[in-house]
Number of protein chains: 2
Amino acid sequence: MTVATQSIDQLCINAIRFLAIDGVEKAKSGHPGLPMGAAPMAYTLWDKFMRFNPKNPKWVNRDRFVLSAGHGSMLQYALMYLAGYDSVSLEDIKQFRQWKSKTPGHPENFETPGVEVTTGPLGQGIANAVGLALAEAHLAARYNKPDAKIFDHYTYVIMGDGCNMEGISGEAASIAGHWGLGKLIALYDDNHISIDGSTDIAFTEDVCKRYESYGWHVLHVEDGNNDIEAIAKAIEAAKAVTDKPSLIKITTTIGYGSPNKADTAGVHGAALGADEIELTRKSLEWNYGPFEVPEDALNHFRKAVERGASAEAEWNQVWATYKTKYAEEAAELERILSGKPPANWADALPTATPADKGLATRKHSEVTLNAIAPVLPELIGGSADLTHSNLTEIHVSGDFQKGAYENRNVHFGVREHAMGAICNGIALHGTGLIPYGATFLVFSDYMRNSIRLSALSEARVIWVMTHDSIALGEDGPTHQPIEHVASLRAMPNLYVYRPADTNETSGAYKVAVESATTPTLLALTRQGLPNLEGSSIENAEKGGYILSDSEGTPDLILIGTGSEVHLCVEAAKALRANGKNVRVVSMPCVERFEEQDAAYQESVLPKAVTKRVAVEAGATMSWYKYVGFEGAVIGIDTYGASAPGGVVMEKFGFTVDNVVKTAETVLG
Amino acid sequence: MTVATQSIDQLCINAIRFLAIDGVEKAKSGHPGLPMGAAPMAYTLWDKFMRFNPKNPKWVNRDRFVLSAGHGSMLQYALMYLAGYDSVSLEDIKQFRQWKSKTPGHPENFETPGVEVTTGPLGQGIANAVGLALAEAHLAARYNKPDAKIFDHYTYVIMGDGCNMEGISGEAASIAGHWGLGKLIALYDDNHISIDGSTDIAFTEDVCKRYESYGWHVLHVEDGNNDIEAIAKAIEAAKAVTDKPSLIKITTTIGYGSPNKADTAGVHGAALGADEIELTRKSLEWNYGPFEVPEDALNHFRKAVERGASAEAEWNQVWATYKTKYAEEAAELERILSGKPPANWADALPTATPADKGLATRKHSEVTLNAIAPVLPELIGGSADLTHSNLTEIHVSGDFQKGAYENRNVHFGVREHAMGAICNGIALHGTGLIPYGATFLVFSDYMRNSIRLSALSEARVIWVMTHDSIALGEDGPTHQPIEHVASLRAMPNLYVYRPADTNETSGAYKVAVESATTPTLLALTRQGLPNLEGSSIENAEKGGYILSDSEGTPDLILIGTGSEVHLCVEAAKALRANGKNVRVVSMPCVERFEEQDAAYQESVLPKAVTKRVAVEAGATMSWYKYVGFEGAVIGIDTYGASAPGGVVMEKFGFTVDNVVKTAETVLG
């Protein structure tokens, strides 16, 4: 019997290792190396520290766990199965990386209940975790009472060398250190191997010293393969430091236990193969078959179910007390936790008529944010050091800072990528917070993978992107978006709104707040725009609509977005004066328009009307679908230029005259 | 007279400050704060250290200067004017940020000779500088002789707090420390103000300690406003350390000299205004009018012209010696410096016929890289830790490492964004090197701004992006590109190639190497593909071409790229068997096709043939331009899924059957 020779801890650790080995082997695809090396730290964390309820993965006050090294997904699936999550059965583990399985190649929160965030792209997870820890700190500061701590959990991360090489992790760690998020604890799996081989070839910095420079509390466990006592002590020490996040560097061996592949890149991302698995079984004295988990290990691991149930029950008591003693806060909190805005919240959205002075849509955004912030206490966010350009400050609140976690204005610093992932973490905290993150539209490039992950992982985030075209002027081509709006439209499950005025900006925010599983990106102008006749919140919600029309069948349809809609309106007037029937369609959000039924779409863009001109100060690509072979697109497929915004717009053809001329050519 | 009260150094420093003040004031736009604070360090560097020839900005062995804090562009323009560059006259400074001026909002290498790289997006410049320093180290190791050092220059950078907050700078600094690039010297303008205010609100890390953790040599000048001796000493000390890059933190006051605005965010990005300028003149005892430079200052500064001429003359001697004594190396070097590949280099490109075993296009890329590496010694690059997945190793060379700078395989680590900017720096070193950088296509998101800057700044870089669709399989949606090919096509001045086989891959490389001012991005498959009948290098160069055709006018055109072309070929056979005239167009590069003349385009895609189906395993957006209202696109506008590649492709409709069925629907 092997059991006798292995402690229960060892048995559990090896059970994780072999589930990973067997899962990857069966799939003939995956990453066994990390789970084999990180099993001791993961087991120690899950078995001896983490508070969670496998039977209720949505329990509000659970500790959050993030596998930032997402390629090691089998580690997480093994832990979840062993701990008793219903979402990952042994059968699911056998279906690792197969069509429609609950165990995809990388952890996906939208596929597998209990997975908090979607990881795989390196460095995102640790930055998500900063967002999770921020959310906990914020909600605790806002809602906790001395006799009723509703929010009181840790955020734990396992990250690898790859995560630490990515710039996003440095950004996130720097701001987490600044904020002093003491309940964020990152276990750094220092296995000194990445895909290309030893980290000696490209990664020789002193990681611990770097985290110290960020203001983190840093610890080192030298033997992460065997010394689980040292791991436990380090986690204890990390928990004891409450004013700094902690990094525990845990030195391990990738593929631990594999006689020929341990400590090599060969075990990082490929199945071990039958022979090496056999040798690994021998080396780890594992006398069980594939996917076989010794009963003792399972029984021990499954105590998590009972622990979790009683932890949640305890918390339910606290919550009951809270609801009794602090009924008002409890009611607000319950509503926020539901993820739904209050009834009639949208009444707060500003509207305007053409008589109202038109402003830049970034200014409309500011007015809107400040109009809804009082009725949506769950709104929290800020800018990557462009607060007064993006106009994202909420005036009813102060700055989120160490010692002032209750505040809602977040200064992310010049860290777009981390901002993106932090916002995703806030949204995926699952407590109803609505994060927003802002920068210049051109710098969406710096955070594109985070935007993508908001869309993929169905996180309700509002991306506030200002200075949305060449019309920003003097800053020149490095700052002028060209391809950005089109290229963001190509991203699935993202609403890209480019509103034209007050009403459309409000409509965009309405959609953003009410879309529980789709993030919204707002492309907003630097320059002033008039309020338009015919716009409304309801129209904007539809994504595209008839802003103005002639009697009868249109000879021509002008389609515009944002700052170019008013050019279309003026051009239509001129064309109508020449006897043409011209319809103007404002299309602030192509994706929403595509979601409308066919009849509505046909009513706006009748198939029979093939003379169409789309006008947008950006790449033309996304408009050919709507103008066809007979139409034209007025756009820009080169880089912009540095000069005052009005000059640049004129030089690039964004004038009423040019719209009229182009329309006349199309009309023939 | 003011002159008597100011040393010549002080006079020169204030001349820089007031050119910046006056330039921004006249434009009513720009960033005076950084130039005012950084003038002492910039003057010290340019006047007392930098070796450059204002009259020949392309002199090969010049020191490279990068203003990573590109918003302070007036600093660079002032320096260039004062030092005697022909590209920046006083009139140009008066035209700051105006249409077609040589002094755009941010420094642009393609507008202003003497500007090495295009900066503005923060953190890019310092990472470009790592590339410049890498290029110098590499060329020196390859070509220098004990008695003839052709390459022997420094790379100097001025960077700010914003640069240091961006993750890309951390990535670049980490790898530069690893490589020990001793001739890279960064002056960190520590003015502790960013746009949102004091760095206290978001940036309180210990930057010096962080750079020490990267292995840099770190110095601190406490009074950067006045103590130019200390600045000079620090630069001396930095030069003396030859095995580590140096960071000199220089503490300054933003907007130094402005009584009311210095040390505030208000002076960062806005003109001072007439009143404050007047007060600043008084405070700095500057009795000169707008744009007036005291003759003493100009005369002193302009000594750079003479110094530069003699430095270059000296170097010319060395070069003459080199050419005499090392004729073979000199000939190779001269050819490389010309930026042109050797005659007949393209003969090395592999070709294949359908009889040749088809492989993954990433494999064809590997074969091609290794076929051309021997004839193109200027080829240098590598992967962001995916060398054996991207297949980018050059077998004729070893690894570029500290002590082995002569080698051409670069390990960037998991640092895509820095890789991008480093490649840009290598290309913009202007010495003919052709860098390539590789990762998974989905992670182009991590380096998108660097790719954009390669395109904007006309840098000949080859971006090798593998695993180009959902067909990569098990890794799942976090790793499966959907919108990437389309969204990169939207980026101006970038050739996006998605080749279908050996010949098209070779064609893509031919274009990449021969396009001096346009970078090329290759989207390559993980999975194997057949070699196609009808493909050729020449065809691929045209971007789109008729791969196979029926007799007579086509009833239908199938347009495919990359891994979907062979589906089109098979579908065409089936359709032809049913009596339809079907043309198959392979379109590996839309941008190149768009560059062909109208007659050629018409010959491939005749306007009269409106029944068209485009097939590409990615977002559909870019194809509507070519299929119109009557056509169809087989693509993917959702995220992918984790499962074996073949399964995923089938489930998403990338099958011959589905192409046939769709074509039949289109044919009606």
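Residues numbered from 1 in each chain as written. Chains lettered and ligands numbered in written order. Predicted model: local features only at pLDDT ≥ 70, side-chain atom pairs only at ≥ 80, totals over all residues. Heavy atoms only, no water.

**Digging into the packing of aromatic side chains**
Part 1 of the reasoning: A full pass over the atoms with the stated rule returns 46 aromatic pairs over all chains.
Part 2 of the reasoning: Centre to centre, the rings of B:Tyr43 and B:Phe301 are 5.6 Å apart; their planes meet at 70°, and the pair counts as edge-to-face. Separated by 258 residues along the polypeptide, B:Tyr43 in helix α2 (residues 33-48) and B:Phe301 in helix α11 (residues 295-301) bring together distant segments of the chain.
Part 3 of the reasoning: Overall, B:Tyr43 belongs to the buried group, its relative accessible area being 0%.
Part 4 of the reasoning: Owing to a relative accessible area of 2%, B:Phe301 belongs among the buried residues under this scheme.
Part 5 of the reasoning: Here the aromatic cluster, defined as three or more aromatic residues joined through ring pairs, consists of A:Trp59, A:Trp315, A:Trp319, A:Tyr322 and A:Tyr326. (Phe/Tyr/Trp six-rings, centres within 6.5 Å; stacked < 30°, edge-to-face > 60°. Helix = DSSP H or I, 4+ residues; strand = E, 2+ residues; numbered from the N terminus. Buried < 20%, exposed > 50% of the residue type's maximum accessible area, 1.4 Å probe, protein only.)

**Brief notes about the state of the cysteines**
Residues and elements named next belong to chain B.
Part 1 of the reasoning: Per the counting criterion, the structure on display carries zero disulfides over all chains.
Part 2 of the reasoning: Here Cys568 stays unpaired: no disulfide links it, and the sulfur of Cys589, its closest cysteine neighbor, is 17 Å away.
Part 3 of the reasoning: Look at Cys589 and you get buried, because its relative accessible area is 0%. (Disulfide = S-S within 2.5 Å.)

**So, the interface of chain A and chain B**
Part 1 of the reasoning: The interface of chain A with chain B comprises 99 residues on the first partner and 99 residues on the second.
Part 2 of the reasoning: Of the roughly 8200 Å² buried at the junction of chain A and chain B (both faces included), carbon and sulfur atoms supply 59%.
Part 3 of the reasoning: In this assembly, chain A and chain B are joined by eight salt bridges.
Part 4 of the reasoning: The tally of links between chain A and chain B comes to 50 residue pairs in polar contact (both at pLDDT 80 or more). (Contact = heavy atoms within 4.5 Å. Buried area = accessible area lost by both parts, 1.4 Å probe. Salt bridge = Lys/Arg side-chain N within 4 Å of Asp/Glu carboxyl O. Polar contact = N/O pair within 3.5 Å; in protein donor to acceptor, adjacent residues only side chain to side chain.)

**Topic: the packing of helix α1 (residues 8-27) of chain A against helix α2 (residues 33-48) of chain A**
Residue and element names in this part refer to chain A.
Part 1 of the reasoning: One way to put it is that α1 packs onto α2 with a least axis distance of 9 Å and a crossing angle of 130°. When the interaxial angle is binned, α1 and α2 end up oblique. Considering the relative orientation of α1 and α2, their crossing is right-handed. Note on element contacts: α2 touches α1 through Pro35, Met36, Ala39, Pro40, Tyr43 and Lys48, opposite Asp9, Cys12, Ile13, Ile16, Arg17, Ala20 and Ile21.
Part 2 of the reasoning: Considering only residue class, the contact of α1 with α2 consists of 10 nonpolar, no polar and three charged. (Axes fitted to C-alpha atoms, helices over the stretch in contact; angles between N-to-C directions. Parallel < 35°, antiparallel > 145°, perpendicular 65-115°, else oblique. Left-handed = near helix turned anticlockwise from the far one by under 90°. Nonpolar A, V, L, I, M, F, W, Y, C, P; charged D, E, K, R; others polar.)

**Some points on the pairing of strand β7 (residues 246-251) of chain B**
Residue and element names in this part refer to chain B.
Part 1 of the reasoning: For β7, the buried fraction is high: six of the six residues fall into the buried class.
Part 2 of the reasoning: Side chains of β7 alternate between two faces, with Ser246, Ile248 and Ile250 and Leu247, Lys249 and Thr251 buried alike.
Part 3 of the reasoning: Relative to β7, strand β3 (residues 184-190) runs parallel, the two being bridged by six bridges. Each residue of the ladder has a partner; that of Tyr188, found in β7, is Lys249.
Part 4 of the reasoning: Assessed by its sense of winding, the connection that carries the chain from strand β6 (residues 217-221) through helix α9 (residues 228-240) to β7 is right-handed. (Pairing = 2+ DSSP bridges. Right-handed = clockwise from strand over helix to strand, strands pointing away.)

**Re the pattern of salt bridges**
Residues and elements named next belong to chain A.
Part 1 of the reasoning: Per the stated rule, a full pass over the model turns up 64 salt bridges over all chains.
Part 2 of the reasoning: A salt bridge links Arg210 to Glu205, with the shortest nitrogen-to-oxygen separation between them at 2.6 Å.
Part 3 of the reasoning: Taking relative accessible area as the criterion, Arg210 reaches 2% and is therefore assigned buried.
Part 4 of the reasoning: You can call Glu205 buried: its relative accessible area is 10%.
Part 5 of the reasoning: A salt bridge links Lys510 to Glu541; its shortest N-O distance comes to 3.1 Å. Of this pair, Lys510 sits in helix α19 (residues 502-514) while Glu541 is found in helix α20 (residues 537-541), placing the two residues 31 residues apart along the sequence. The pair Lys510 / Glu541 is uniform in exposure class, with both members buried.

**A look at the relation of the copies chain A and chain B**
Part 1 of the reasoning: The two copies are related by a screw motion: chain A maps onto chain B through a turn of 180° and a shift of 0.0 Å along the axis, at an RMSD of 0.0 Å. Taken together, the rotation angle and the small translation identify this as a two-fold axis.
Part 2 of the reasoning: By residue overlap, the copies meet face to face through one surface: 100% of the interface positions of chain A are interface positions in chain B. (Least-squares fit on C-alpha atoms with pLDDT ≥ 70 in both.)

**Considerations on the environment of A:Lys542**
Residues and elements named next belong to chain A.
Part 1 of the reasoning: Its place among the elements puts Lys542 in the loop between α20 and β15 (545-548).
Part 2 of the reasoning: Measuring from C-alpha to C-alpha, the distance between Lys542 and Ile451 comes to 23 Å, with 91 residues separating the pair along the chain.
Part 3 of the reasoning: If we skip the residues at most four places from it in the chain, Lys542 touches Arg592, Phe593, Gln596 and Tyr600.

**Section: the sheet that holds strand β17 (residues 582-586) of chain A**
Residues and elements named next belong to chain A.
Part 1 of the reasoning: Strand order in the open sheet formed by five strands is β15-β17-β16-β18-β19, with mixed pairing between adjacent strands. Single-partner strands in this sheet number two, and they are β15 and β19 (632-634). Taken over all neighbouring pairs, the strand axes of this sheet differ in orientation by 30° on average, direction set aside.
Part 2 of the reasoning: Packed onto the sheet, helix α21 (residues 565-577) meets β15, β16 (556-560), β17 and β18 (612-615) and runs at close to 175° relative to β17.

**Examining the sheet that holds strand β18 (residues 632-634) of chain B**
Residues and elements named next belong to chain B.
Part 1 of the reasoning: The strand order across the open sheet formed by five strands is β14-β16-β15-β17-β18, and the pairing between neighbours is mixed. Lying at the two open borders of the sheet, with one neighbouring strand each, are β14 (545-548) and β18. If you compare each strand with its neighbour and ignore which way they point, the axes differ by 30° on average.
Part 2 of the reasoning: Alignment of β14 against strand β16 (residues 582-586), held across three bridges, turns out to be antiparallel. Bridge pairing in β16 links Ser548 to Val584.

**Side note on helix α21 (residues 565-577) of chain B**
Residue and element names in this part refer to chain B.
Part 1 of the reasoning: Taking 1.5 Å as the rise per residue, α21 with 13 residues should run 18 Å; its terminal C-alpha atoms sit 19 Å apart, in good agreement.
Part 2 of the reasoning: Of the residues making up α21, those classed as buried are Val565, Leu567, Cys568, Val569, Ala571, Ala572 and Leu575.
Part 3 of the reasoning: Next to the buried residues of α21 lie β14, β15 (556-560), β16, β17 (612-615) and α26 (656-667).
Part 4 of the reasoning: Gly579 lies just past α21 and shows a positive phi near 90°. (Expected span 1.5 Å × (residues − 1).)

**Notes on the side chain of A:Ser101**
Residue and element names in this part refer to chain A.
Part 1 of the reasoning: Here Ser101 lies in the loop between α4 (90-94) and α5 (124-143).
Part 2 of the reasoning: A distance of 3.2 Å separates a polar atom in the side chain of Ser101 from the backbone oxygen of Gln95.
Part 3 of the reasoning: In this view, Ser101 contacts Gln95 and Glu111; residues no more than four positions away in its chain are not counted.

**Let's talk about helix α14 (residues 361-372) of chain B**
Residue and element names in this part refer to chain B.
Part 1 of the reasoning: For α14, which comprises 12 residues, the first-to-last C-alpha distance of 16 Å matches the rise-based estimate of 16 Å (1.5 Å per residue) to within 8%.
Part 2 of the reasoning: Most of α14 is tucked away, with nine of its 12 residues classed as buried.
Part 3 of the reasoning: Every buried residue of α14 is listed here: Thr361, Arg362, His364, Ser365, Glu366, Thr368, Leu369, Asn370 and Ile372.
Part 4 of the reasoning: Against the buried residues of α14 lie β8 (379-383), α15 (387-390), β10 (434-440), β11 (462-466), α19 (502-514) and β13 (520-524).

**A short note on the nonpolar core**
Soluble globular proteins tend to bury their nonpolar side chains together.
Part 1 of the reasoning: Grouped together as the largest cluster of nonpolar side chains are 268 residues, with contacts concentrated most on A:Trp216, A:Leu558, B:Trp216 and B:Leu558.
Part 2 of the reasoning: Once residues within four sequence positions are removed from consideration, A:Trp216 is found in contact with A:Ile126, A:Ala173, A:Ala176, A:Gly177, A:Leu184, A:Ala186, A:Tyr211, A:Lys244, A:Pro245, A:Ser246 and A:Leu247.
Part 3 of the reasoning: Among the nonpolar cores identified, the runner-up in size contains 70 residues, and A:Ala78, A:Leu82, A:Ile231 and A:Val293 belong to it. (Core = buried A, V, L, I, M, F, W, Y, C linked by side-chain atoms within 4.5 Å.)

**A closer look at unusual backbone geometry**
All names here are of chain A.
Part 1 of the reasoning: Phi angles above zero are rare outside glycine, and Asp385 is one such case at about 70°.
Part 2 of the reasoning: Within the secondary structure layout, Asp385 lies in the loop between β8 (379-383) and α15 (387-391).
Part 3 of the reasoning: At His467, a position not held by glycine, the phi torsion is positive, near 60°.

**Overview of the packing of helix α14 (residues 361-372) of chain A against α19(A)**
Residues and elements named next belong to chain A.
Part 1 of the reasoning: Contact pair α14 / α19: the axes reach a minimum separation of 9 Å and the direction vectors enclose 50°. By the angle between their axes, α14 is oblique relative to α19. Judged by the twist between their axes, the crossing of α14 over α19 is right-handed. Facing Thr361, His364, Ser365, Thr368, Leu369 and Ile372 of α14, the residues of α19 in contact are Thr502, Thr505, Ser506 and Tyr509.
Part 2 of the reasoning: Considered class by class, the residues forming the contact of α14 with α19 number three nonpolar, seven polar and no charged.

**A few points about the side chain of B:Glu474**
Part 1 of the reasoning: Inspection of the secondary structure puts B:Glu474 in the loop between β11 and α18 (484-489).
Part 2 of the reasoning: On the basis of relative accessibility, which here comes to 10%, the residue B:Glu474 falls in the buried class.
Part 3 of the reasoning: Aside from chain neighbours lying at most four places away, what touches B:Glu474 is A:Ala27, A:Ser29, A:Arg97, A:Gly105, B:Arg526, B:Ser642, B:Ala643, B:Pro644 and B:Gly645.

**Here we look at the confidence of the model for chain A**
Part 1 of the reasoning: Within chain A, residue pLDDT values average 97, and 99% of them lie at 70 or more.
Part 2 of the reasoning: Predicted as a complex, the structure gets a pTM of 0.98 and an ipTM equal to 0.98. (pLDDT = per-residue confidence, 0-100.)

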